[in-house]
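Descriptive structure summary
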Amino acid sequence: MLTRGGTGRAQGDDWTYSNYNFSLLGLVIEQASGRSYAEYVHDEIVVPLGLTGTGYCEDGTAVPGRGRDYQSGVKTVSPTTYWTEPRFFAAGGLCSTVMDLVRWEKGLEDGRVISPPMLQAMRRPAVLPDGLHVDYGYGTRLGMTGRHRKLGHTGGGQSNKAVLARYPDDDVTVAVLLNTERTNARVTATDLEEHVERLFFGLPEPSVPGPAAPDAERHRCAGQYRDGSRLLRVVAEKGALRLRPGKHRQADSPLIPEGGDLFFDEEDPSVQLRFQIENGEARGYGRYHNGWFVGLGVRTGPRD
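Residues numbered from 1 in each chain as written. Predicted model: local features only at pLDDT ≥ 70, side-chain atom pairs only at ≥ 80, totals over all residues. Heavy atoms only, no water.

Digging into empty space enclosed by the protein
One pass over the full model with this rule turns up one cavity of 30 Å³ or more. When its volume is computed, the largest cavity comes out at roughly 40 Å³. In the lining of the largest cavity, the residues fall into three nonpolar, four polar and three charged. (1 Å grid on protein atoms, 1.4 Å probe; cavity = no way out; pocket = protein on both sides within 12 Å on 5 of 7 lines; lining within 4 Å. Points joined across faces, edges and corners; volume = space filled by probe spheres on them. Nonpolar A, V, L, I, M, F, W, Y, C, P; charged D, E, K, R; others polar.)

Put into C-alpha cells, the structure is as follows:
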C-alpha cells in the first residue's frame, strides 16, 4: 500500500499511487543485494524463469528482439527515443514480450518467485484504518471485468503501453503490449484487454442508457468526495445520479447503474465507480478504468 506524502498523515492512513515509492524500493534492492537493479532483475528473475526477451532497458541497454517505439500523428508515424534514457528506474524501465509476461505470471503462481503467503499478501486489497477498501495490493492492481476478478498491472509512457491481467478464478492470463501511441487514441491497451475478456467470457459491453437506480441507492451515494487532489460531488438529481466536479453545476456526467453499488460514467463508459456502503450510507468509492482500480474517493461531507 502506498501512502500520501506531505499531508501530515501517518503511514497507512491514506492511499495514492506513486511511482516514487517503486523507485525507492529499487534503491532498497540495490543496497540489500549489493547489485545494480538491472543485475538483480537479470540474476533473480530473468534467468531463473527463462525470460529470454525481458530485461532492464530504459537506459538503452539491448534486449533481444526489442522493437522500436513510435508516436502516431494524423498522417505520420515517427520513432521516439522516450525509452532510451533513464526516467522511472524501478517504477518502469523493463522491456518484455507477451509470452514472457505470461511466463512471469506462471512463475508467480508456481511459487518460483516468492512464497505463497507473500503472493497472497501481494494480491490482497488494502484496508485503511477507517475501513475503506482499496483494490490495490503490494505492487498489484486489482479489478473486475464484469463479475470476473482480475489482478496484475498496467504501465507505460510515451508511445509504449502494457497490460498484464490474471483472472485467477478462471485460470486465464492476458498480456497486451503496444509500441505506438497517438493523442486521444480511440483504442488503448486497457481497452483491448477488456474487450478481449468480454469476448472470452461472453459479456456484453456497458449499455447506454441503462435502468434507473432505485431512490434509496441514489440518495445513499450522493455527497462530496475527495478523490486524490480533486473534490467531486455525486448528486441525486431528476431521478439519476450525476458526477459533478467541485461545486460547479456544469460539466457533470450521468452515472448509469450496473447493479448493486457499481455505476459507470455515461460520458466515458470505461470509467466506473464502486461505492462502499456502511449503515446505509456511502463512505467512499473505488474508481476503475476498464475494470482496473485507479483511485479512491473518500466522502468528506454529509449527503447532498
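Topic: the confidence of the model for the protein chain
Parts of the prediction with low pLDDT should not have their coordinates interpreted in detail. Chain-level statistics for the protein chain give a pLDDT mean of 86 and a share of 91% at 70 or above. Confidence, read as mean pLDDT per element, is least for helix α6 (residues 215–221) in the protein chain (78) and greatest for helix α3 (residues 98–109) (96). Overall, residues 1–6 carries pLDDT values under 50, and its contacts beyond four positions in sequence, including any with other chains, amount to 23 contacts. (pLDDT = per-residue confidence, 0-100. Helix = DSSP H or I, 4+ residues; strand = E, 2+ residues; numbered from the N terminus. Contact = heavy atoms within 4.5 Å.)

Here's the deal with the sheet that holds strand β3 (residues 77–80)
The three strands lie next to each other as β3-β2-β11, forming an open sheet whose pairing is mixed. Two strands in the sheet have a free side with no partner beyond their single neighbour: β3 and β11 (180–181). Sheet analysis places strand β2 (residues 69–72) next to β3, joined by four bridges and oriented antiparallel. Bridge assignment links Y70 to a residue of β3, and that residue is P79. (Pairing = 2+ DSSP bridges.)

Some remarks on the environment of P269
Within the secondary structure, P269 is located in the loop between β16 (262–265) and β17 (271–278). Here P269 falls in the partly exposed class, since its relative accessible area comes to 33%. Each C-alpha atom, one on P269 and one on T54, is 34 Å from the other, the two residues being 215 residues apart in sequence. (Buried < 20%, exposed > 50% of the residue type's maximum accessible area, 1.4 Å probe, protein only.)

A look at unusual backbone geometry
Despite not being glycine, D171 has its phi angle at roughly 55 degrees, a positive value. Within the secondary structure layout, D171 lies in the loop between β9 (160–167) and β10 (172–178). The exposure class of D171 is exposed, given its relative accessible area of 58%. With a phi close to 50 degrees, N290 is a non-glycine residue in the positive phi region. Mapped onto the secondary structure, N290 falls in the loop between β18 (281–289) and β19 (292–299). For N290, a relative accessible area of 2% corresponds to the buried category.

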